[in-house]
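# Residue-level structure breakdown
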Amino acid sequence: LSICFRTVEPLEYYRRFLKENCRPDGRELGEFRATTYFFSSGSITTADGSALVKLGNTTVICGVKAELAAPAADSANKGYIVPNVELPSLCSERFRSGPPGEEAQAASQFIADVIENSQMIVKEDLCIANGKLAWVLYCDIICLDYDGNLLDASVFALLAALKNVQLPSVIINEETGLSEVNLKQKTPLIIRKHPVATSFAIFDDTLLIVDPTAEEEDLATGAVTIVTDEEGRLCSVHKPGGSPLTGAKLQDCITRAITRHKEVKKLIDKVIKSIMPK
């Protein structure tokens with residue numbers, strides 16, 4: 001009976017759970033799905049850093065490829081970071097093959113804004129020789145299984161993959177003017193801030209639930225994503241239309257996002273520690 005009810009009246013079905021302060025998957029309103037991640041440097045051998053993140057059933061992999069290029073004329077002392085989010089048809093029935101759709105483009109822009117606003121990587125750090133040579137970091141984020149909350153998983157995968165990047169030493173030969181790459185001498189990328197995203201779905205214009213599934217996103221009247229860094233600083237608030245939020249509700253989201261940041265940072269540090277050479 002409940003399966004029929006869920007199919008015919010999905011919103012009413014959800015409301016009955018929400019009245020009891022829980023959700024159909026058994027979580028409380030403020031509870032995240034199980035979060036796991038690991039560095040997958042073995043599985044993407046062509047990447048300079050990679051990581052796979054699972055948030056419940058949502059699975060995202062990020063590969064970072066570093067290439068050399070000339071800096072732009074108007075920013076001679078800066079490198080480039082080029083993020084790209086892909087939602088292939090294999091990850092969900094809602095996406096089609098072909099050029100990136102609206103959701104993938106919006107996610108790519110969101111990731112670009114997070115990188116810029118958080119200053120997780122300072123572009124000057126990617127410069128090798130002023131006006132001559134700089135690193136370009138291509139960050140490809142691919143969703144393998146979509147079950148809601150793409151943004152949290154994508155920011156997490158990006159951060160984890162970047163922490164996994166080792167850049168070879170590069171010098172410019174004074175005599176020939178050519179760059180010389182030493183693959184034996186590598187240094188980790190400088191990560192200056194650790195942004196973490198926390199997403200909420202808004203139900204019936206008032207109720208906030210954290211880490212929504214795809215079904216919950218479809219039934220929600222709005223959504224908001226809060227990005228904070230390790231100092232509790234607000235890096236960005238992403239609110240794509242929908243129900244408005246009161247100042248008090250927004251403050252509540254920010255407080256919860258700061259707590260979530262500590263959990264994610266702890267998880268990243270634990271995994272890094274476990275793979276460090278003894």
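Worth saying up front: this structure is predicted, and the values here are computed from it rather than measured.

Turning next to the state of the cysteines. One pass over the full model with this rule turns up zero disulfides. The cysteine C91 is free of any disulfide, with C143 supplying the nearest cysteine sulfur at 4.0 Å. Given the relative accessible area of 5%, C91 is considered buried. Lacking any disulfide linkage, C127 is separated from the closest cysteine sulfur, that of C139, by 18 Å.

Backbone geometry at D204 places phi at a positive 50°, although glycine is not the residue there. When its relative accessible area of 34% is taken as the criterion, D204 is described as partly exposed. Positive phi values are uncommon outside glycine, yet D211 reaches one of about 50°. Summarising the element assignment, D211 is placed in the loop between β10 (207-210) and α5 (214-219). Using a relative accessible area of 0% as the deciding quantity, one classes D211 as buried.

Now for the sheet that holds strand β12 (residues 234-238). Read from one edge of the open sheet, four strands run β10-β9-β11-β12, paired in antiparallel fashion. Both outer strands of the open sheet, β10 and β12, are each paired with one neighbouring strand and no more. Put simply, the sheet's adjacent strands are angled 25° from each other on average, direction ignored. Bridging between strand β9 (residues 196-203) and β10 involves four bridges; their strand directions are antiparallel. Paired with A201 across the two strands is I209, which belongs to β10. Relative to β12, helix α3 (residues 102-118) is tilted by about 155°, and along the sheet it contacts β9, β11 (222-228) and β12.

Take a nonpolar patch on the surface next. On the surface, L68, V181 and L183 cluster together into a nonpolar patch covering about 260 Å² of accessible area. Structurally, V181 is set in strand β8 (residues 179-188). Under the relative-accessibility criterion, V181 is labelled partly exposed at 43%.

Glancing now at the pattern of salt bridges. Under the counting rule described, the total for this entry stands at 16 salt bridges. A salt bridge links D25 to R27; the shortest N-O distance between them is 2.9 Å. A salt bridge links R192 to D125; the nearest nitrogen and oxygen atoms lie 2.7 Å apart. Here R192, found in the loop between β8 and β9, pairs with D125, found in the loop between α3 and β5 (127-129); they are 67 residues apart in sequence, far enough to count as distant. According to the relative accessible area criterion, R192 is partly exposed, its value standing at 42%.

What the largest pocket holds in volume is close to 560 Å³. Along the walls of the largest pocket sit 26 residues, with E103, L151, E217, A223 and P240 positioned nearest its centre. Put simply, the parts of the chain that give the lining of the largest pocket at least two residues each are α3, α4 (150-162), β9, α5 and β11. The biggest single contributor to the lining of the largest pocket is α3, with five residues. The residue makeup of the lining of the largest pocket, split by class, is 13 nonpolar, eight polar and five charged.

Attention now moves to the nonpolar core. Formed by 55 residues in total, the largest nonpolar core has its most connected members in Y37, L137, L158, L162 and L189. It is α4 that provides the largest number of residues to this core, a total of eleven residues. What L137 contacts, discounting residues up to four positions off in sequence, is V64, K65, A66, Y80, I81, V82, I121, L126, L162, L167 and L189. One finds F32, F200, I202 and V224 within the second-largest nonpolar core, a separate group that totals ten residues.

Right, let's get into the pairing of β8. A regular strand places its side chains so that they alternate between the two faces of the sheet. Sheet topology note: the strand β7 (residues 166-172)/β8 ladder contains seven bridges and is antiparallel. In the sheet register, L167 faces β8, and the bridge partner there is T187. The antiparallel pairing of β7 with β8 creates a hairpin that spans six residues between the two strands, and G177 there sits at a positive phi of about 80°.

Turning next to the UniProt feature "domain: Exoribonuclease phosphorolytic" (unreviewed entry) in the protein chain. According to UniProt, the feature "domain: Exoribonuclease phosphorolytic" (unreviewed entry) maps to residues 38-168 and 195-258 in the numbering used here. Taken end to end, residues 195-258 is 28% helix and 38% strand, and its first and last C-alpha atoms sit 10 Å apart.

Conventions adopted
- Residues numbered from 1 in each chain as written.
- Predicted model: local features only at pLDDT ≥ 70, side-chain atom pairs only at ≥ 80, totals over all residues.
- Heavy atoms only, no water.
- Disulfide = S-S within 2.5 Å.
- Buried < 20%, exposed > 50% of the residue type's maximum accessible area, 1.4 Å probe, protein only.
- Helix = DSSP H or I, 4+ residues; strand = E, 2+ residues; numbered from the N terminus.
- Pairing = 2+ DSSP bridges.
- Axes fitted to C-alpha atoms, helices over the stretch in contact; angles between N-to-C directions.
- Contact = heavy atoms within 4.5 Å.
- Patch = residues over 30% accessible without salt bridge, like charges linked within 9 Å, V, L, I, M, F, W, Y side chains within 5 Å.
- Areas by Shrake-Rupley, 256 points an atom, 1.4 Å probe, with all protein chains shown as cover.
- Salt bridge = Lys/Arg side-chain N within 4 Å of Asp/Glu carboxyl O.
- 1 Å grid on protein atoms, 1.4 Å probe; cavity = no way out; pocket = protein on both sides within 12 Å on 5 of 7 lines; lining within 4 Å.
- Points joined across faces, edges and corners; volume = space filled by probe spheres on them.
- Nonpolar A, V, L, I, M, F, W, Y, C, P; charged D, E, K, R; others polar.
- Core = buried A, V, L, I, M, F, W, Y, C linked by side-chain atoms within 4.5 Å.
- UniProt positions renumbered as here; feature names shortened; annotations may be inferred.

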